[in-house]
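Fold and geometry: a report
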Amino acid sequence: MSKTLFILNDGPYGTERSYNGLRLAGTLSKVEGEKVHVFLIGDAASCAKSGQKVPEGFYNLQLMLNKVLRAGCPVGVCGTCMDARGISDAELIEGTHRSTMAELTDWTSWADKVIVFKYHSKTRYRKKRGHRQHFTEVEITKISALRGDFRYLSEGKHFVRSQ
């Protein structure tokens, strides 16, 4: 089972980055054995505002977010970002919740993959990054140093002091 975290930080309209991130999250959440979490931070907090009215012909992020929610994916919205943009808890789309950086930290540790959409304005630079190697924790319990020259013995798989 693969676990993927999407972190969106771009506004809901004006560019298509949040829209494309939610499209990918919605499609990936339908794949058997996939678990998806979505975290909205910065201007993306506005994506979770209910009652969005957009001109005909434009995509509606509320509908895209509902697709992700129907798939059972948790969607967190940065509480500090909500406050900075004047969004109250009552204005959030049903199913999303006010979140914290502590929860984002937990979700990042939980995820096998963290998807990042990268963009630099006016440079034609666009990059999607998302590979995350599994990691191993190593605990060092003792470090000791010996004097003298050492050589490697391939049979014993250890270092010994040269005579």
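Here, every reference points to the structure presented above.
Throughout what follows, the structure given in this document is the object of discussion. Bear in mind that the values here come from a model prediction, so they are computed numbers and not experimental data.

Brief notes about the overall build of the protein
Counting secondary structure elements, the protein contains 4 helices and 8 strands. In the protein, the order of α-helices and β-strands from amino to carboxyl end is β-α-β-α-β-α-β-α-β-β-β-β. Considering the protein as a whole, with its 163 residues, one finds that 33% of them fall into the buried category. Expressed as a percentage of contacts within the protein between residues at least 6 apart in sequence, the contacts between residues at least 24 apart total 61%. By element, 51% of the accessible surface of the protein is carried by carbon and sulfur atoms, the whole surface being about 11,100 Å².

Topic: the pattern of salt bridges
Within the structure shown, the criterion is met by 5 salt bridges. Asp43 is paired through a salt bridge with Arg85; the nearest N and O atoms lie 3.0 Å apart. Here Arg85 lies in the loop between α3 (79-84) and β4 (96-99) and Asp43 lies in the loop between β2 (34-40) and α2 (61-70), a separation of 42 residues in the sequence. Salt bridges sharing common partners tie together Asp83, Asp89 and Arg98.

Some details on the environment of Val68
Structurally, the position occupied by Val68 is in helix α2. Here the alpha-carbon distance between Val68 and Lys30, two residues 38 residues apart in the chain, equals 9.1 Å. With residues up to four places along the chain from it excluded, the contact list for Val68 reads Leu22, Ala25, Gly26, Val38, Cys73 and Val75.

Some remarks on the nonpolar core
Of all hydrophobic cores here, the largest spans 35 residues; its most connected members are Leu22, Val38 and Leu40. For this core, the secondary-structure elements that each account for two or more residues are β1 (2-8), α1 (17-29), β2, α2, β3 (75-78), α3, α4 (101-110) and β5 (113-120). It is α2 that provides the largest number of residues to this core, a total of 5 residues. Residues contacting Leu40, with those up to four places away along its chain left out, are Leu8, Ala45, Cys47, Ala48, Leu65, Val75, Gly76, Val77 and Cys78.

Considerations on the packing of aromatic side chains
Here the structure, examined in full by the defined rule, presents 2 aromatic pairs. Ring centres of Phe39 and Trp107 lie 6.1 Å apart, and the angle between their planes is 90°; on these two criteria the pair is classed as edge-to-face. Here the residue Phe39 occupies a position in strand β2, and Trp107 occupies one in helix α4, the gap between them amounting to 68 residues. A relative accessible area of 0% means that Phe39 is categorised as buried.

Regarding the environment of Ala90
One can find Ala90 in the loop between α3 and β4. Sequence separation of Ala90 and Ser50 is 40 residues, and the distance between their C-alpha atoms is 8.9 Å.

Calculation notes
Residues numbered from 1 in each chain as written. Predicted model: local features only at pLDDT ≥ 70, side-chain atom pairs only at ≥ 80, totals over all residues. Heavy atoms only, no water. Helix = DSSP H or I, 4+ residues; strand = E, 2+ residues; numbered from the N terminus. Buried < 20%, exposed > 50% of the residue type's maximum accessible area, 1.4 Å probe, protein only. Contact = heavy atoms within 4.5 Å. Areas by Shrake-Rupley, 256 points an atom, 1.4 Å probe, with all protein chains shown as cover. Salt bridge = Lys/Arg side-chain N within 4 Å of Asp/Glu carboxyl O. Core = buried A, V, L, I, M, F, W, Y, C linked by side-chain atoms within 4.5 Å. Phe/Tyr/Trp six-rings, centres within 6.5 Å; stacked < 30°, edge-to-face > 60°.

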